[in-house]
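Reading the structure
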Amino acid sequence: RKEVEQDPGPFNVPEGATVAFNCTYSNSASQSFFWYRQDCRKEPKLLMSVYSSGNEDGRFTAQLNRASQYISLLIRDSKLSDSATYLCVVRGLTNAGKSTFGDGTTLTVKP
Amino acid sequence: NAGVMQNPRHLVRRRGQEARLRCSPMKGHSHVYWYRQLPEEGLKFMVYLQKENIIDESGMPKERFSAEFPKEGPSILRIQQVVRGDSAAYFCASSLESATNEKLFFGSGTQLSVL
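Figured I'd write up the structure that's included with this text. This is a predicted model, so every value here is computed, not measured.

When helices and strands are tallied, chain A shows 0 helices and 11 strands. Computed over C-alpha atoms, the radius of gyration of chain A comes to 13 Å, within 12% of the 13 Å expected from 2.2 N^0.38 for 111 residues, which places it in the range of a compact globule. Structurally, chain A occupies a C-alpha span of about 40 × 30 × 25 Å along its principal axes. Burial analysis of chain A (111 residues in total) assigns 48% to the buried set. When the accessible surface of chain A is split by element, carbon and sulfur atoms take 49% of a total near 5,300 Å².

A few words on the state of the cysteines. Enumeration over the complete set of coordinates arrives at 2 disulfides over all chains. Between the sulfur atoms of Cys23 of chain A and its disulfide partner Cys88 of chain A the distance amounts to 1.9 Å. Judged by the sign of its S-S torsion, about -70 degrees, the cystine formed by Cys23 of chain A and Cys88 of chain A is left-handed. With Cys23 of chain A in strand E3 (residues 19-25) and Cys88 of chain A in strand E9 (residues 84-91), this residue pair connects regions lying 65 residues apart in the sequence. Given the relative accessible area of 0%, Cys23 of chain A is considered buried. For Cys88 of chain A, a relative accessible area of 0% puts it in the buried group. Covalent S-S linkage joins Cys23 of chain B and Cys92 of chain B, the inter-sulfur distance amounting to 1.8 Å. Linking Cys23 of chain B and Cys92 of chain B, the disulfide has an S-S dihedral of approximately -55 degrees and is accordingly described as left-handed. Note that Cys23 of chain B is positioned in strand E3 (residues 19-24) and Cys92 of chain B in strand E9 (residues 88-95), a separation of 69 residues in sequence. Of the two residues examined, Cys23 of chain B and Cys92 of chain B, each falls in the buried class.

At the junction of Gly9 of chain A and Pro10 of chain A, the peptide bond is cis and its omega measures out at 10 degrees in the coordinates. Inspection of the secondary structure puts Pro10 of chain A in the loop between strand E1 (4-6) and strand E2 (11-14). Note the cis peptide between Asn7 of chain B and Pro8 of chain B, where omega equals -5 degrees. In this structure, Glu52 of chain B is a non-glycine residue whose phi angle is positive, near 65 degrees.

Residue and element names in this part refer to chain A. The antiparallel open sheet is built from 5 strands, whose spatial order is E1-E3-E8-E7-E6. Every other strand in the sheet has two partners, leaving E1 and strand E6 (55-57) as the edge strands with one partner each. Going from strand to strand, the sheet's axes swing by 20 degrees on average, the running direction of each strand aside. Pairing of strand E7 (residues 60-65) with strand E8 (residues 70-75), which is carried by 6 bridges, proceeds in the antiparallel orientation. Directly across from Leu64, in E8, lies its bridge partner Ile71.

A few words on the interface of chain B and chain A. Facing 28 residues of chain B, the contacting portion of chain A comprises 22 residues. Interface area, chain B with chain A, both sides summed: about 1,900 Å², of which 50% is carbon and sulfur. At the surface where chain B touches chain A, the tally comes to 1 salt bridge. For Lys44 of chain B, the salt bridge identified is with Asp103 of chain A, shortest N-O distance 3.7 Å.

To continue, consider the sheet that holds E3 of chain B. Residues and elements named next belong to chain B. Taking strand neighbours across the sheet as the criterion, the 4 strands line up as E1-E3-E8-E7 in an open arrangement whose pairing is antiparallel. Unpaired on one side and paired on the other, strand E1 (5-7) and strand E7 (65-68) mark the two borders of the sheet. The average undirected angle you get between the axes of adjacent strands in this sheet is 15 degrees.

The next thing to look at is the pattern of salt bridges. Side-chain pairing between opposite charges can occur once the charged atoms of the two side chains come close. Residue and element names in this part refer to chain A. Applying the stated criterion across every chain, the model contains 10 salt bridges over all chains. Ionic pairing is found between Lys79 and Asp77, a salt bridge with its closest N-O pair at 3.0 Å. Of the residues examined, Lys79 reaches a relative accessible area of 33% and is grouped as partly exposed. The class for Asp77 is partly exposed, based on a relative accessible area of 36%.

About the cut-offs
Residues numbered from 1 in each chain as written. Chains lettered and ligands numbered in written order. Predicted model: local features only at pLDDT ≥ 70, side-chain atom pairs only at ≥ 80, totals over all residues. Heavy atoms only, no water. Helix = DSSP H or I, 4+ residues; strand = E, 2+ residues; numbered from the N terminus. Rg over C-alpha atoms; globule rule 2.2 N^0.38 Å. Buried < 20%, exposed > 50% of the residue type's maximum accessible area, 1.4 Å probe, protein only. Areas by Shrake-Rupley, 256 points an atom, 1.4 Å probe, with all protein chains shown as cover. Disulfide = S-S within 2.5 Å. Pairing = 2+ DSSP bridges. Axes fitted to C-alpha atoms, helices over the stretch in contact; angles between N-to-C directions. Contact = heavy atoms within 4.5 Å. Buried area = accessible area lost by both parts, 1.4 Å probe. Salt bridge = Lys/Arg side-chain N within 4 Å of Asp/Glu carboxyl O.

Below is the structure:
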């Protein structure tokens, strides 16, 4: 079983749709959680950190459920420019770089 | 204010040759991390370095791979006697500190192709 699991998709949605991604992690000692975005295998870019209380940044909302060991990302009012691969990232009590990445969920937003 | 710089962007090697990948962290960052991404997979941690020190190399293959971050100059990921299975995108990231909630900034990556 992978440490971090994501539904690979692809998710194909029309513009304006709401779409949600889930990610599960196996290490209960995990401490920090993030969503990154990767376009066409370019460098990953931080989308948002994920906090226990949940957090929102514009059209994006991230939630963490420690008891069930999953995190989620909700995108409202999807734009064409949201088309990308979304990577779930989990870290334990180690250094910042020893992050465990999920294999990513691919989103395609269509006009 | 340049970000993380990696070069070359693309590197083609024949089996048995050596590959050298370079990474200059963001200005002020002293923590450097290397990741490998195989096709259709996520990024896999390889090694974490600070200046002149390897802190964590638990993700590095035992043979043919080495990394350094000298006092002066960029970090180097070196792959000796490359094989086709080494073909992948290699990303470097840097951070200001090493705390677990610290943000990582990635370079554009080096796409290594082994013929």
